[in-house]
Amino acid sequence: MIPVTTLSTNAVEDQRTSLPWGAQKWRRELLDAVTNVGELLRLVDVDPKAFEAGFGGPRQPADFPLRVPRPYIDRMRRRDPRDPLLRQVLPTSHETDTVPGYAFDPLDEAHAVLDSGILRKYRGRALVIAAGACAVHCRYCFRRHFPYAQHRQDSGFPSLDALRKDETIREVILSGGDPLMLTDGHLARLLGALARIDHVARIRVHTRLPVVIPQRVTPALVDTLASVPQRLVLVLHFNHPNEIDETCVTALAQLDAFTLLNQSVLLSGINDDVAALAELSERLFEAGVMPYYLHMPDAVAGTHHFDVPEARAAALHRELMARLPGYLVPRLVREVPGGAAKELVIADGANVGA
Ligand SMILES: *Cc1c(COP(=O)(O)O)cnc(C)c1O
Ligand code: SF4
């Protein structure tokens with residue numbers, strides 16, 4: 001591992017890779033994120049009344065507020081209330097509908113807590129809530145009701161004792177929130193602590209930051225990630241091909257030393273379309289990222305309007321398999337509370353094409 005003190009200065013690093021942005025650009029973008037629904041709609045030139053039919057009207061929620069960084073807004077089509085990026089972040093009146101079967105913690109994560117900030121649901125893997133915040137608020141988020149205040153690590157340091165003691169843990173997954181919300185210094189200390197746990201062979205980072213603020217990928221971040229002796233896997237979260245612009249491609253190119261995977265959520269009205277999913281896989285591959293999972297949305301209160309019926313999801317997935325090489329088809333999965341793994345959703349023939 002490279003001691004943090006030997007990392008070169010940001011100015012020198014910026015020259016080395018000629019990134020078109022400076023070291024602190026991402027922090028400015030975080031602070032400058034749009035949080036007002038009216039402002040977002042003005043920026044994309046969409047009339048608030050354009051939504052009323054079917055989609056639900058835009059609203060300004062108090063509990064899980066609007067939050068969207070400007071580099072992401074730049075990729076939205078103007079004057080299009082159906083834009084797939086806008087729909088991922090715009091709060092609507094459907095979020096307050098009460099729908100039977102939709103819960104605050106449908107995955108029963110409260111029961112998977114190993115220690116404060118550490119979840120262990122699956123064999124050999126432990127998930128660390130490395131940060132309590134995200135750069136973007138995705139309306140379909142399954143952790144939108146997660147009690148981060150009880151688990152937040154961003155002020156202090158997670159207690160890694162539980163990981164040190166349990167030698168069956170081969171892989172540590174940094175999640176959140178978004179672990180790349182941490183400063184490089186904080187991340188370096190966390191990775192440094194994990195590097196010293198002998199039985200941990202792999203470190204995985206689940207993040208949406210390189211998607212919504214590609215400027216988060218700085219030479220200092222790349223050096224920090226490269227400093228761990230274990231194999232490092234980054235799982236990105238792109239849902240739609242329009243999310244991958246030139247800035248993203250430039251950022252992903254800096255990360256080519258790591259294993260890059262992508263997970264998407266299948267979302268009604270956003271990417272429940274075989275052409276969009278196929279293009280997403282192709283563009284990801286061009287950018288050096290392998291498709292990993294396509295998740296069925298979880299039954300989280302306030303997100304029912306994103307649901308895709310399982311038979312239709314399976315049919316879409318089968319069409320995707322017919323169009324793409326096998327390695328570009330993500331696994332279609334759902335999460336089952338208490339299951340030994342995420343469960344594959346497979347067309348059973350009888351209900352395909354619904
Ligand atoms: C999804 C998840 C994992 C990782 O599962 P993989 O199938 O290995 O990607 C680990 N821990 C928790 C709590 C999860 O939700
Ligand atoms: S980035 Fe991930 S954790 Fe954060 S709001 Fe979006 S889906 Fe949820």
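To keep things clear, this report deals only with the structure shown in the data block.

### A look at the site of ligand 2
Close to ligand 2 lie Cys134, Val136, Cys138, Cys141, Arg208 and His237. The residue makeup of the shell around ligand 2, split by class, is four nonpolar, one polar and one charged.

### Let's talk about helix H10 (residues 219–226)
In terms of burial, H10 is largely enclosed, as seven of its eight residues are buried. Within H10 the residues assigned to the buried category are Pro219, Ala220, Leu221, Val222, Asp223, Thr224 and Leu225.

### Notes on the site of ligand 1
If you check the shell around ligand 1, you find Lys121, Tyr122, Arg125, Leu127, Ile173, Arg204, Tyr292, Tyr293, Glu335 and Lys342 and nothing else. The contact in question runs from an oxygen atom of ligand 1 to an N or O atom on the side chain of Tyr292, over 2.7 Å. Measuring from an oxygen atom of ligand 1, one finds a side-chain N or O atom of Lys342 at 3.2 Å. Here ligand 1 loses 93% of its free accessible area of 390 Å² to cover by the protein chains. For the shell around ligand 1, the residue count by class is five nonpolar, no polar and five charged.

### Things to note about the sheet that holds strand E6 (residues 231–236)
Sheet strands associate in pairs through backbone hydrogen bonding, adopting either a parallel or an antiparallel arrangement. Spatially, the ten strands line up as an open sheet ordered E1-E2-E3-E4-E5-E6-E7-E8-E9-E10, and their pairing is mixed. Looking along the sheet, the strands with just one partner apiece sit at the ends: strand E1 (113–115) and strand E10 (343–344). In this sheet, strand E8 (residues 290–295) lies alongside strand E7 (residues 259–265) in parallel orientation, the contact comprising five bridges. Among the inter-strand pairings, Gln263 is bridged to a residue of E8, identified as Tyr293. Sheet strands touched by helix H8 (residues 184–195): strand E4 (171–175) and strand E5 (202–206). Its angle to E4, the strand with the most contacts, is close to 165 degrees.

### Description of unusual backbone geometry
Cis peptide bonds are those with omega within 30 degrees of zero, and the linkage from Gly176 to Gly177 qualifies with 5 degrees. With respect to the element layout, Gly177 can be found in the loop between E4 and H8. One non-glycine residue, Asp45, adopts positive backbone phi at about 60 degrees. In this fold, Asp45 is placed in the loop between helix H3 (37–43) and helix H4 (70–73).

### Side note on the pairing of E7
Within E7, six of the seven residues are buried, leaving the element largely enclosed by the surrounding structure. Bridge count for E6 against E7 is four bridges, and the pairing is parallel. Paired with Leu236 across the strands is Asn262, a residue of E7. The parallel pair E6 and E7, bridged by helix H11 (residues 246–254), forms a crossover whose chirality is right-handed.

Rules used throughout
For every chain, the first residue of its written sequence is number 1, and the numbers climb from 1 along that sequence. Here the convention is simple: chains get letters from A, ligands get numbers from 1, in the order in which they are written. pLDDT decides what is reported in this predicted model: residues at 70 or higher carry local features, side-chain atom pairs at 80 or more are listed and counted, and totals for whole chains, interfaces and linings draw on all residues regardless. Excluding hydrogens and water, the side-chain values take into account all heavy atoms of the structure. We call a residue near a molecule or strand whenever a single non-hydrogen atom of that residue lies within 4 Å of it. The classification used treats Ala, Val, Leu, Ile, Met, Phe, Trp, Tyr, Cys and Pro as nonpolar, Asp, Glu, Lys and Arg as charged, and all other residues, Gly among them, as polar. Each residue's exposure class comes from its accessible area (1.4 Å probe, protein chains only) as a fraction of the maximum for that residue type: buried when under 20%, exposed when over 50%, partly exposed otherwise. Segments assigned H or I by DSSP are reported as helices when at least four residues long, segments assigned E as strands when at least two residues long, and all are numbered from the N terminus. Polar contact criterion, stated in full: a pair of N or O atoms within 3.5 Å, where within protein one must be able to donate a hydrogen and the other to accept it, and residues adjacent in sequence count only if both atoms are side-chain atoms. The protein chains shown are the only cover counted for residues, whose accessible areas, like all others here, come from Shrake-Rupley with a 1.4 Å probe. Strands qualify as paired when DSSP identifies two bridges or more between them. Every residue pair with non-hydrogen atoms within 4.5 Å of one another is taken to be in contact. Only the contacting stretch of a helix is used when fitting its axis, a line to C-alpha atoms as for every element, and angles between N-to-C directions run 0 to 180 degrees. With its strands directed away from the observer, a crossover is right-handed exactly when the path from the first strand over the helix to the second travels clockwise.

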